[in-house]
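Coordinate inspection notes
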Amino acid sequence: MKELIKTLNKYVILLIVSSLFGMPWFYIKNLIYSNYPNLMSVTYSFYDNIPTIAEFSIKIAITILIIIDCKKEKLSNVILTAIATFCFPLLGIVIFSILLLEKQKIKA
């Protein structure tokens, strides 16, 4: 069980970082715009795209990490897990966890 938790820690950290670019980002953005109003006209579109860029980057990172861990653990259904991870990262992590637990159960 410790191995499962150790394996899932990196995914949990990435999901937490991803959630920071949701609603908290809008408060940070409004704080930046209120302190520096002339900055709003120059870089408005860049600041609005940061959550999208961060979310997409984290989805790609989680998908790559899932593929690497599936290959390392020699799990089946790697492609299905990778597609689910890219569309919905939490679903992919759950599928990976179930496959890993099933493998550990069969091994024991």
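As shown above, the structure is provided for reference.
Everything in this summary refers to the structure shown in the same document. (Residues numbered from 1 in each chain as written. Predicted model: local features only at pLDDT ≥ 70, side-chain atom pairs only at ≥ 80, totals over all residues. Heavy atoms only, no water.)

Okay, the packing of aromatic side chains next. Applying the stated criterion to the full structure yields two aromatic pairs. Judged by centre distance (6.0 Å) and plane angle (65°), the ring pair of Y11 and F96 falls under edge-to-face. Linking Y11 in helix α1 (residues 2–20) with F96 in helix α5 (residues 89–107), this pair joins segments that are 85 residues apart in sequence. Pair check on accessibility: Y11 and F96 agree, each one buried. Here F56 and F86 contribute two aromatic rings whose centre-to-centre distance is 5.8 Å and whose plane-to-plane angle is 80°, an arrangement assigned as edge-to-face. A residue pair is termed long-range when its members are at least 10 positions apart, and F56 in helix α3 (residues 37–73) and F86 in helix α4 (residues 78–87) qualify at 30 residues. F86 sits in the partly exposed class, given a relative accessible area of 34%. (Phe/Tyr/Trp six-rings, centres within 6.5 Å; stacked < 30°, edge-to-face > 60°. Helix = DSSP H or I, 4+ residues; strand = E, 2+ residues; numbered from the N terminus. Buried < 20%, exposed > 50% of the residue type's maximum accessible area, 1.4 Å probe, protein only.)

Let us now look at the packing of α1 against α5. Packing of α1 against α5 leaves a shortest axis separation of 11 Å and a crossing angle of 175°. With respect to each other, α1 and α5 are oriented roughly antiparallel. Side by side, α1 and α5 meet where E3, L4, T7, L8, Y11 and L15 of the first sit next to P89, L90, I93, F96, S97, L100, L101 and Q104 of the second. A breakdown of the residues in the contact of α1 with α5 according to their chemical character gives 10 nonpolar, three polar and one charged. (Axes fitted to C-alpha atoms, helices over the stretch in contact; angles between N-to-C directions. Parallel < 35°, antiparallel > 145°, perpendicular 65-115°, else oblique. Contact = heavy atoms within 4.5 Å. Nonpolar A, V, L, I, M, F, W, Y, C, P; charged D, E, K, R; others polar.)

Take the nonpolar core next. Counting 14 residues, the largest nonpolar core has Y11, I62, I66 and F96 as the members making the most contacts within it. Of all elements in the fold, only α1, α3 and α5 reach the threshold of two or more residues within this core. Every residue in contact with F96, bar those within four places of it in the chain, is listed here: T7, L8, Y11, I66, D69, C70, L75 and T81. (Core = buried A, V, L, I, M, F, W, Y, C linked by side-chain atoms within 4.5 Å.)

Glancing now at a nonpolar patch on the surface. There is a patch of nonpolar side chains on the surface, built from F56, I60, I64, I68 and F86 and spanning about 440 Å² of accessible area. Among the elements that take part in the nonpolar patch, α3 stands out by supplying four residues, more than any other. Among the residues examined, F56 registers a relative accessible area of 45% and is labelled partly exposed. (Patch = residues over 30% accessible without salt bridge, like charges linked within 9 Å, V, L, I, M, F, W, Y side chains within 5 Å. Areas by Shrake-Rupley, 256 points an atom, 1.4 Å probe, with all protein chains shown as cover. Salt bridge = Lys/Arg side-chain N within 4 Å of Asp/Glu carboxyl O.)

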